[in-house]
Amino acid sequence: MSKTVTGVLRQDIMPLYSSRVRNALAAWIDRYPHQAEAIQEIRLRTGLPLCIGFSGRDAVLHDLIVSGTDIEKTLSLITDCSYYALEDEFKGGYITIPGGHRVGLSGQMIAYTNGEHKLRYVSAFCFRIAREVKSVAENIVPELSSPDTGIASTLIISPPGCGKTTFLRDLCRILGNGLDACKLPPAQVAIVDERSEIAACYGGAPQLDVGPRADILDRCPKAKGINMLLRSMNPEVIVTDELGGEEDARAVAMALSGGVKVIASCHGKDLDDIRSKPYSAWLVSRGYFTKALILSKRNGPGTIEFVGDIK
Amino acid sequence: MAGVPFWIRALGSAFILFAGTLAGKLLAAKLETELEELSRFELALLNLSTEISYSLSTLPKALSNAGNKAGGDTGTLFSLIGSLSGIEQRRTVEEAFDLALEQAQGLNVPEFELEILRVLVKNLGVWGCKEQIGFIDIALTESRNYRSSIQEEHMKKARMYRSLGVLFALGIVIVLL
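These numbers come from a predicted model, not from an experiment.

(A) Layout of the domain arrangement of chain A. All names here are of chain A. Entries for chain A in the domain assignment read domain 1 (5-128) and domain 2 (141-309). Taken over C-alpha atoms, the centre of domain 1 sits 30 Å from the centre of domain 2. Between domain 1 and domain 2, the residue contacts involve 10 residues of the former and 10 residues of the latter. Counting each side, the surface lost to burial between domain 1 and domain 2 is near 780 Å², with a carbon and sulfur contribution of 42%. The largest per-residue losses of area from domain 1 upon contact with domain 2 belong to Tyr 94, Thr 96 and Arg 102, which jointly make up 48% of the total buried on that side. Joining domain 1 to domain 2, the criterion identifies 2 salt bridges.

Here's what the structure looks like:
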């Protein structure tokens, strides 16, 4: 049974706040329990009221002005009291906390004479609550696979916020477990999770369910990660998010040429859009990807517009 | 005392001598323990610095490891702070330090060491690696300066307490006999 949003908030996120922020948020949740289930993010900004974000709107708690001390306490806890150990991760602008939730940070950057930039004075957080949606991909697996050849190399295409990563994660889980209905045996799945979105690793361990046969390279550049996994982990399927440049395309081509299946996502509206971009067009026109899944928000995130062969 | 048999007087004198010597030794040991704990504190700080700069261990783990290596009551305090802090315990290092002091009241940790730690924990885990090592170095220097300033005096006092214990007991024995 999946956890409720308020359950996740109380268990994973609120203990990381100072007592005054925690109490104010708890009071708000008690007052508006139904709205609380729709919370997507919580923003803490020094000197400004606490802000609770939903899809397309927000609620501002004017009674609670977040102080510097509140921010310091939260910073200390989300870093496991170890800011120094996460300095490099801060360069990416976010960290992942237990439960797979992502915390975005902003504040003052300091420029060093060697050209390096570091986030030194953190003044705001954006806690984005991880929601795991399981079984969304079960109905499309028959379209993407055959009993003889297994899962086909598939490109998942959609604009941002339509559920690409959710489908990718669910496909990892399904492929790792195997699917009797499609006579798909369990497969060794390797994930290159450059932005820590698919498995949401904390300390190298996945916080979201990516199946029992998943090897994850977290925060590793895609091209480098694909090459590493090919050499080291003997994967049957490689899964990665947000294909972009030439290096990514070459790494994917190399994996596919080596007989490994690749499931990847890519920004775009439809196949024509994909064909208008040089590297994704190259992958599609050369037949590296044989199937496509196109998603949109037409009937809410995760609406399937197309699933089938790329022609 | 004339009517008291000699063997009782001899036994009493031996007891007084033993008690006086022991009291002197205990007072001397207290001073020596303070120096020893300060040495352990410096060792713990050095270990902490190594854990942070080379292993990039998380602070709770680094504190526990540094405490285990240093040993003594100081080591126990470091380990306790480590086990009480962090994301799993939902406590900052400063909060863990206060709680550790409450939980470990029997520990024999020098007051000066606690003062340095009290300042240090405010800056632990909230800075980058270079700055973090800098704060630990400052604490280390303060502790070393303090220890070298009291070391000679403490050793002299320790010798004096040992001698005084024996002499004081001897004085009483002479009077009684």
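(B) Structural view of the state of the cysteines. All names here are of chain A. Under the criterion given, the structure shown has 0 disulfides over all chains. Cysteine Cys 51 remains unbridged, with the sulfur of Cys 126 as its closest cysteine sulfur at 9.0 Å. With no disulfide partner, Cys 201 has as its closest neighbouring cysteine sulfur the one in Cys 172, 11 Å distant. Under the relative-accessibility criterion, Cys 201 is labelled buried at 5%.

(C) Spatial organisation of the side chain of Ser 158 of chain A. Residue and element names in this part refer to chain A. Here Ser 158 shows up in strand β9 (residues 154-158). On the basis of relative accessibility, which here comes to 0%, the residue Ser 158 falls in the buried class. Not counting chain neighbours up to four residues away, the residues in contact with Ser 158 comprise Lys 164, Cys 266, His 267, Gly 268 and Leu 295.

(D) Expanded view of helix α4 (residues 93-103) of chain B. Residues and elements named next belong to chain B. Restricting attention to buried positions, one finds in α4 the residues Val 93, Ala 96, Phe 97 and Ala 100. For α4, the angular spread of buried residues about the axis comes to 105°, placing them on one side. Where α4 is buried, its residues meet α2 (59-70), α3 (72-84) and α5 (111-123).

(E) Summary view of the sheet that holds strand β16 (residues 291-296) of chain A. Residue and element names in this part refer to chain A. Pairing within the open sheet is mixed, and its 7 strands lie in the order β13-β10-β14-β15-β9-β16-β17. Each end of this open sheet is capped by a strand with a single partner; those strands are β13 (214-218) and β17 (303-309). Mean inter-strand twist for the sheet, computed between neighbouring axes without regard to direction, equals 15°. As defined by bridge partners, strand β10 (residues 189-193) adjoins β13 across 5 bridges and the pair is classed as parallel. From the neighbouring strand, Ile 191 faces β13, where its bridge partner is Ile 216. On the sheet, helix α7 (residues 164-177) packs against β9, β10, β14 (237-240), β15 (261-267), β16 and β17 and is oriented at approximately 170° with respect to β15. Strands β10, β13 and β14 of the sheet are contacted by helix α8 (residues 222-232), whose axis makes an angle of about 155° with β10.

(F) Up close: the interface of chain B and chain A. Taken residue by residue, the interface counts 21 residues in chain B and 20 residues in chain A. Between chain B and chain A, a total of about 1700 Å² is buried, with carbon and sulfur atoms accounting for 58% of that surface. Per-residue buried area on chain B facing chain A is highest for Ile 87, Arg 90 and Trp 127 of chain B; these three make up 37% of the total on that side. Inspection of the region where chain B meets chain A yields 1 salt bridge. A salt bridge links Lys 73 of chain A to Glu 95 of chain B; the nearest nitrogen and oxygen atoms lie 2.8 Å apart. The interface formed by chain B and chain A holds 9 residue pairs in polar contact (both at pLDDT 80 or more) in total. Elements that contribute at least two residues to the side of chain B that touches chain A include exactly α2, α4 and α6 (129-176) of chain B. Examining the composition of the side of chain B that touches chain A, we find that 3 residues originate from one element, α6 of chain B, more than from any other. Considered class by class, the residues forming the side of chain B that touches chain A number 9 nonpolar, 8 polar and 4 charged.

(G) Inspection of the nonpolar core at higher detail. Counting 41 residues, the largest nonpolar core has Ile 39, Leu 44, Phe 125 and Phe 127 of chain A as its most contacted members. Broken down by element, this core gets its largest block of residues, 6 residues, from helix α2 (residues 19-31) of chain A. In terms of nonpolar packing, the next biggest core, distinct from the first, is built from 32 residues, Cys 81 of chain A together with Leu 45, Phe 78 and Ile 81 of chain B among them.

(H) Here's a closer look at the sheet that holds strand β1 (residues 41-45) of chain A. Residues and elements named next belong to chain A. Sheet architecture is open: 6 strands sit in the order β3-β2-β1-β6-β5-β4, paired in antiparallel fashion. Strands at the two margins of the open sheet, each flanked by one partner only, are β3 (57-65) and β4 (94-97). Taken over all neighbouring pairs, the strand axes of this sheet differ in orientation by 30° on average, direction set aside. Both β4 and strand β5 (residues 101-111) contribute to a ladder of 4 bridges, which runs antiparallel. In the strand pairing of β5, Ile 97 is matched with His 101. Taken strand by strand, helix α1 (residues 5-13) contacts β1, β4, β5 and β6 (117-128), and its axis lies near 50° from that of β5.

Rules of the game
Just so you know, the residues in each chain are numbered from 1, in the order the chain's sequence is written. Lettering of chains starts at A and numbering of ligands starts at 1, both following the order in which they are written. Under the rules for a predicted model, residues below a pLDDT of 70 receive no local features and side-chain atom pairs below 80 are neither given nor counted, while totals for whole chains, interfaces and linings still include all residues. Only hydrogens and water are set aside; all other atoms, that is, all heavy atoms of the structure, feed into the side-chain values. Delimitation of the domains relies on an automatic or database domain assignment. Contacts are residue-level and defined by heavy atoms, with any inter-residue pair within 4.5 Å sufficient. Buried area, as used here, totals the accessible surface that two parts lose on assembly, with accessibility defined by a 1.4 Å probe and the loss added over both. A pairing counts as a salt bridge when a side-chain nitrogen of Lys or Arg comes within 4 Å of a carboxyl oxygen of Asp or Glu. Here, a disulfide means two cysteine sulfur atoms that sit within 2.5 Å of each other. Summary of the burial criterion: residues with accessible area below 20% of their type's maximum are buried, those above 50% are exposed, and those between are partly exposed, where the area comes from a 1.4 Å probe applied to protein chains only. Strands here are runs of E lasting at least two residues and helices are runs of H or I lasting at least four, both read from the DSSP assignment and numbered beginning at the N terminus. By construction, the arc corresponds to the directions joining the helix axis to the C-beta atoms. One requirement defines pairing of two strands: DSSP has to find at least two bridges between them. Axis lines are fitted to C-alpha atoms, over the contacting stretch for helices. Their N-to-C directions set the angle, which ranges from 0 to 180 degrees. Within 3.5 Å is the distance limit for a polar contact, defined as a pair of N or O atoms, with the added protein rule that one can donate a hydrogen and the other accept it, and that residues adjacent in sequence qualify only through two side-chain atoms. When residues are grouped by polarity, Ala, Val, Leu, Ile, Met, Phe, Trp, Tyr, Cys and Pro land in nonpolar, Asp, Glu, Lys and Arg in charged, and all others, Gly among them, in polar. Only buried residues count toward a nonpolar core. Its members are Ala, Val, Leu, Ile, Met, Phe, Trp, Tyr and Cys residues joined through side-chain atoms within 4.5 Å.

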